[in-house]
Amino acid sequence: MTSVGIDAMEIWTGKLVLDLPNTFAPVKGEDPEKYTKGLGLHTSSFPDVYEDIVTMGANAAKQLMDRKGLTPADIGRIDVATESAFDNSKPVSTYIAGCLEQVYDGDFRHANKGERKFACIAGTQSLDDAYNWIKAGRNRGRAALVIATDTALYERGDPGEATQGAGAVAMLIDEDPDLVELSTEQGYGSMDETDFLKPNQQFPSVDGKRSMQVYLARMREALEDYESVAGRTHPDLFEYIPFHTPFPGMVRKAALLGFRHMTRDTDIEDDLESEIGRQPREADFETWDDYEEAIRGYMDELKTTEQYRDWYGRVIEPTLDISSRVGNWYTGSVHIARLSALIAAADEGKDMTGKQLLVGSYGSGAQAEIHAETVQETWLDEIEAVDVDDQLAARTEISFDDYELIHDVHNHEKEIEVEEFTQPEAEFVFTGWGRMNERRYEYVE
Ligand code: CAA
């Protein structure tokens, strides 16, 4: 059986950075701790005037191709996942391929290009598409380029404004991968929901509190579905559990739910019995509401136990570092959670070869997916080659007024001229519109 998975990954962050507790919260009249302690966010990335989903995606992809010594002939497929697309017909992958063809010999005419849409889960769905294409033997020895790129902006004044972000993740999917192998087993929780959507509008309509409930409900279903094919999960089986991270506070809730589910009828539930009792069982309650209330009470106690806190600190907390510094990258968000975890493992000198990750993706509308990944022998070389800290440190800090200008620059309804905040160097930039209203790009040295 061919092993298929992620061979390498690279990121590209928006070049501007907004300090949420110190710059954003005071102007909004909010307590900075809502950000640092509540949402778990410190800073978020924003795109400069000349950046957008195409430039960020193409720049991440170029870094990946350069590092792995690839040419267009090595890539048989380019899939872009985004929920920030500006065209209902021409996919973003064609723009990105056009950019890359400016700098490489050869072209991508042989490559199948597409665009995946299902809110934030589309990045993981694109991985699936690439995986299936290779497993089916249709790749003719070529690899797939999967790019998750988003500018996560909300209407000004919307509560979602607190969780914005912008950046891209490029992943190379190949046989005998150098980073992680994807499991064949996967589980889904999927249902028609109206929690977060963009009905032909740039900024989302969001029912924030409901979106959090829907995330948890679908994630629980996906975990059950995963177990139905892969067998029972247990907290000790997974070194890290990267979740889709709209903001770290959301993952705190998902992790608690996951831990309760995984520990039911296990040694851990037995160990905790004397401290917090056994988990409530539905059969012991007359109504669903009574059962739910008992579960909430149990979870409130569970999260204070040493066992839970220790597990959370080891398995979940390391997945949240990048997210807390860049905000929501929508389709790329779960993939930077995986990267965060592996960077933490490298920093701690852990031997990760053969270790398992359980990956929980989510997209509003709504669908969750769970699969496992096995870390490969060459993982450390791959992780050490990614320059996350340098990129994040190189961002230019913006004031609240600058933030409003940048929000307007990227608002499709507004036309304003704003000087760029940074100087582009050795990267793709947006240069304006062509005669058919297409967006145009150039590589600047
Ligand atoms: N000190 C410590 N904590 C504080 C605090 C303070 N001073 N002030 C507030 N908090 C806590 C709150 O208690 C809350 O935590 P809990 O949920 O654990 O109680 C947290 O900080 C956030 O505070 P609020 O609930 O008051 O924040 P809000 O009303 O401004 O809304 C939000 C938060 C609903 C997430 C909003 O930002 C939003 O709508 N975001 C966009 C939607 C979203 O990201 N949904 C997530 C699930 S959907 C998804 O995952 C897809 C996606 O990517 C969009």
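Residues numbered from 1 in each chain as written. Predicted model: local features only at pLDDT ≥ 70, side-chain atom pairs only at ≥ 80, totals over all residues. Heavy atoms only, no water.

1. Quick word on the overall build of the protein
Point 1. When helices and strands are tallied, the protein shows 15 helices and 15 strands.
Point 2. By the compact-globule yardstick of 22 Å for 445 residues, the protein fits well, its C-alpha radius of gyration being 22 Å.
Point 3. In terms of its C-alpha atoms, the protein occupies a principal-axis envelope of roughly 70 × 55 × 40 Å.
Point 4. Counting all 445 residues of the protein, 58% fall into the buried class.
Point 5. Residue pairs at least 24 apart in sequence account for 78% of intrachain contacts in the protein once pairs closer than 6 positions are excluded.
Point 6. On the protein, roughly 18900 Å² of surface is accessible, and the fraction owed to carbon and sulfur atoms is 43%. (Helix = DSSP H or I, 4+ residues; strand = E, 2+ residues; numbered from the N terminus. Rg over C-alpha atoms; globule rule 2.2 N^0.38 Å. Buried < 20%, exposed > 50% of the residue type's maximum accessible area, 1.4 Å probe, protein only. Contact = heavy atoms within 4.5 Å. Areas by Shrake-Rupley, 256 points an atom, 1.4 Å probe, with all protein chains shown as cover.)

2. As for the site of the ligand
Point 1. Around the ligand there are 26 residues in total, and Asp31, Lys34, Lys209, Ser211 and Lys253 lie nearest to it.
Point 2. The backbone of Pro159 places a nitrogen or oxygen atom 3.0 Å from an oxygen atom of the ligand.
Point 3. Measuring from an oxygen atom of the ligand, one finds a side-chain N or O atom of His244 at 2.9 Å.
Point 4. In the complex, 74% of the free accessible area of the ligand, which totals 1000 Å², lies under the protein chains.
Point 5. Looking at the shell around the ligand, the elements with two or more residues in it are helix H2 (32-39), helix H6 (208-230) and helix H7 (248-263). (Near = heavy atom within 4 Å. Polar contact = N/O pair within 3.5 Å; in protein donor to acceptor, adjacent residues only side chain to side chain.)

3. Quick word on the packing of helix H1 (residues 20-28) against H2
Point 1. Orientation of H1 relative to H2, taken along the N-to-C sense of each, is 125°, at an axis distance of 7 Å. By the criterion of interaxial angle, the relationship of H1 to H2 is oblique. On H2, the residues touching Leu20, Pro21, Phe24 and Ala25 of H1 are Pro32, Tyr35 and Thr36.
Point 2. Split into classes, the residues belonging to the contact of H1 with H2 amount to 6 nonpolar, 1 polar and no charged. (Axes fitted to C-alpha atoms, helices over the stretch in contact; angles between N-to-C directions. Parallel < 35°, antiparallel > 145°, perpendicular 65-115°, else oblique. Nonpolar A, V, L, I, M, F, W, Y, C, P; charged D, E, K, R; others polar.)

4. A few points about the packing of aromatic side chains
Point 1. In this structure the tally under the stated criterion is 20 aromatic pairs.
Point 2. When the centroid spacing of 5.8 Å and the interplanar angle of 85° are considered together, the rings of Phe196 and Tyr330 count as edge-to-face. Here Phe196 is found in strand E9 (residues 196-197), whereas its partner Tyr330 is found in the loop between helix H11 (321-326) and helix H12 (333-348), with 134 residues between them in sequence.
Point 3. Residue Tyr330 is classed as buried on the basis of its relative accessible area of 1%.
Point 4. By the ring-pair criterion, three or more aromatic residues cluster together here, those being Phe24, Tyr35, Phe46, Phe400 and Tyr403.
Point 5. Cation over ring: Arg439 sits above Phe86, and NZ or CZ is 5.0 Å from the ring centre.
Point 6. One residue, Arg439, lies across the ring of Phe430, its end atom 4.0 Å from the ring centre. (Phe/Tyr/Trp six-rings, centres within 6.5 Å; stacked < 30°, edge-to-face > 60°. Lys NZ or Arg CZ within 6 Å of the ring centre and 35° of its normal.)

5. Here's the deal with the side chain of Asp128
Point 1. Relative to the helices and strands, Asp128 is located in helix H5 (residues 122-135).
Point 2. Arg116 is the oppositely charged side chain nearest to the buried, salt-bridge-free Asp128, at an N-O distance of 6.5 Å. (Lys, Arg positive; Asp, Glu negative; His and termini not counted. Salt bridge = Lys/Arg side-chain N within 4 Å of Asp/Glu carboxyl O.)

6. Let's talk about a negative patch on the surface
Point 1. Taken together, the side chains of Glu286, Asp289, Asp290, Glu292 and Glu293 make up a negatively charged region of the molecular surface.
Point 2. Of note, Glu292 is situated in helix H9 (residues 288-302). (Patch = residues over 30% accessible without salt bridge, like charges linked within 9 Å, V, L, I, M, F, W, Y side chains within 5 Å. Charge placed at Lys NZ, Arg CZ, Asp CG, Glu CD.)

7. Looking at the side chain of Arg395
Point 1. Here Arg395 lies in the loop between helix H14 (388-393) and strand E13 (396-397).
Point 2. Buried charge without a salt bridge: Arg395, with Asp389 as the nearest opposite-charge side chain at an N-O distance of 8.5 Å.
Point 3. A polar side-chain atom of Arg395 sits 2.8 Å from a polar atom in the side chain of Ser45.
Point 4. Those residues in contact with Arg395 that sit more than four places away from it in its chain are Thr13, Gly14, Lys15, Leu16, Val17, Thr43, Ser44, Ser45, Arg325 and Val326.

8. Considering the environment of Thr43
Point 1. With respect to the helices and strands, the residue Thr43 is situated in strand E3 (residues 43-46).
Point 2. Residue Thr43 is classed as buried on the basis of its relative accessible area of 16%.
Point 3. Leave out the neighbours within four places in its chain, and Thr43 touches Val17, Leu18, Asp19, Leu20, Ser324, Arg325, Val326, Gly327 and Arg395.
Point 4. Only 2.7 Å separates the side chain of Thr43 from the backbone oxygen of Arg325, close enough to count as a polar contact.

9. Quick word on the sheet that holds E3
Point 1. In space, the 3 strands of this open sheet follow the order E3-E2-E13, with mixed pairing throughout. Looking at the sheet topology across the chains shown, the edges are occupied by E3 and E13.
Point 2. Examined bridge by bridge, strand E2 (residues 16-19) and E13 share 2 bridges and lie parallel to one another. Counted as the bridge partner of Val17 is Glu397 from E13.
Point 3. Strand contacts of H1: E2, E3 and E13, with the helix running at about 65° to E2, the strand carrying the most contacts. (Pairing = 2+ DSSP bridges.)

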